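Topology and contacts: notes
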Amino acid sequence: MGGVSPGDPAAARDLIGPLAEAGATWWDERLLQTSDDLHRLGPVLDRVEQGPPAW
(Lines give C-alpha, C1' and ligand atoms only; values in the text may rest on other atoms or scores of the structure.)
Protein backbone atom coordinates (compact mmCIF):
# COMPACT_ATOMS: atom_id res chain seq x y z
CA MET A 1 0.00 0.00 0.00
CA GLY A 2 1.10 3.53 -0.39
CA GLY A 3 0.19 7.14 -0.74
CA VAL A 4 0.68 10.39 1.10
CA SER A 5 0.19 10.11 4.84
CA PRO A 6 -0.69 13.20 6.88
CA GLY A 7 1.96 14.68 9.15
CA ASP A 8 -0.43 14.71 12.10
CA PRO A 9 0.18 11.44 14.02
CA ALA A 10 -3.49 10.87 14.87
CA ALA A 11 -4.61 11.44 11.27
CA ALA A 12 -1.84 9.14 10.01
CA ARG A 13 -3.00 6.42 12.43
CA ASP A 14 -6.56 6.84 11.16
CA LEU A 15 -5.34 6.32 7.60
CA ILE A 16 -2.76 3.56 8.07
CA GLY A 17 -4.10 1.79 11.17
CA PRO A 18 -6.91 -0.08 9.40
CA LEU A 19 -4.48 -1.20 6.70
CA ALA A 20 -2.09 -2.58 9.32
CA GLU A 21 -4.95 -4.31 11.10
CA ALA A 22 -5.92 -5.91 7.77
CA GLY A 23 -2.40 -7.31 7.43
CA ALA A 24 -0.48 -4.68 5.46
CA THR A 25 3.19 -4.67 6.46
CA TRP A 26 4.55 -1.92 4.20
CA TRP A 27 3.57 1.66 3.45
CA ASP A 28 5.20 3.36 0.46
CA GLU A 29 5.24 7.08 1.21
CA ARG A 30 4.94 9.00 -2.05
CA LEU A 31 4.08 12.41 -3.37
CA LEU A 32 2.10 12.21 -6.57
CA GLN A 33 3.52 14.36 -9.33
CA THR A 34 0.78 16.50 -10.82
CA SER A 35 3.00 18.91 -12.72
CA ASP A 36 6.24 19.04 -14.64
CA ASP A 37 8.07 20.13 -11.45
CA LEU A 38 10.06 17.04 -10.52
CA HIS A 39 12.08 18.81 -7.81
CA ARG A 40 9.63 18.03 -5.00
CA LEU A 41 11.67 15.58 -2.97
CA GLY A 42 11.82 18.01 -0.04
CA PRO A 43 8.20 17.56 1.12
CA VAL A 44 8.53 13.77 0.90
CA LEU A 45 11.71 13.78 2.98
CA ASP A 46 10.09 16.11 5.51
CA ARG A 47 7.22 13.66 5.98
CA VAL A 48 9.53 10.65 6.22
CA GLU A 49 11.67 12.42 8.83
CA GLN A 50 8.56 12.86 11.00
CA GLY A 51 8.62 9.10 11.46
CA PRO A 52 5.93 6.47 11.39
CA PRO A 53 2.60 6.83 13.15
CA ALA A 54 2.76 5.64 16.75
CA TRP A 55 0.42 2.77 17.47
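Rules of the game
Residues numbered from 1 in each chain as written. Predicted model: local features only at pLDDT ≥ 70, side-chain atom pairs only at ≥ 80, totals over all residues. Heavy atoms only, no water. Helix = DSSP H or I, 4+ residues; strand = E, 2+ residues; numbered from the N terminus. Buried < 20%, exposed > 50% of the residue type's maximum accessible area, 1.4 Å probe, protein only. Areas by Shrake-Rupley, 256 points an atom, 1.4 Å probe, with all protein chains shown as cover. Contact = heavy atoms within 4.5 Å. pLDDT = per-residue confidence, 0-100.

1. Let's talk about the overall build of the protein chain
If you tally the helices and strands in the protein chain, you get 2 helices and 2 strands. Moving toward the C terminus, one meets the helices and strands of the protein chain in the order β-α-β-α. For the protein chain, with 55 residues in total, the buried portion stands at 16%. As presented, the protein chain carries roughly 4,200 Å² of accessible surface, and 59% of it is formed by carbon and sulfur atoms.

2. Some details on the environment of Asp8
Looking at where Asp8 falls in the secondary structure, it is placed in the loop between β1 (2-3) and α1 (9-21). As a C-alpha pair, Asp8 and Gln50 span 42 residues in sequence and 9.2 Å in three-dimensional space.

3. Quick look at the environment of Gly7
Within the secondary structure, Gly7 sits in the loop between β1 and α1. We classify Gly7 as partly exposed; its relative accessible area is 39%. Placed 39 residues apart in sequence, Gly7 and Asp46 show a C-alpha to C-alpha distance of 9.0 Å. Contact partners of Gly7, with chain neighbours within four places excluded, come to Arg47 and Gln50.

4. Topic: the environment of Gly2
Turning to its location among the elements, Gly2 is positioned in strand β1. Residue class for Gly2 comes out partly exposed when judged on its relative accessible area of 28%. Taking the C-alpha atoms as reference points, Gly2 and Arg30, separated by 28 residues in sequence, lie 6.9 Å from one another. In this view, Gly2 contacts Trp27, Asp28 and Arg30; residues no more than four positions away in its chain are not counted.

5. Re the side chain of Ser5
If you trace the backbone, Ser5 turns up in the loop between β1 and α1. Once residues within four sequence positions are removed from consideration, Ser5 is found in contact with Leu15, Ile16, Trp27, Glu29 and Arg47.

6. Remarks on the confidence of the model for the protein chain
Averaged over all residues, the pLDDT of the protein chain equals 80, while 76% of them reach at least 70. α1 holds the highest mean pLDDT among the elements of the protein chain, 90, whereas helix α2 (residues 41-49) holds the lowest, 79.

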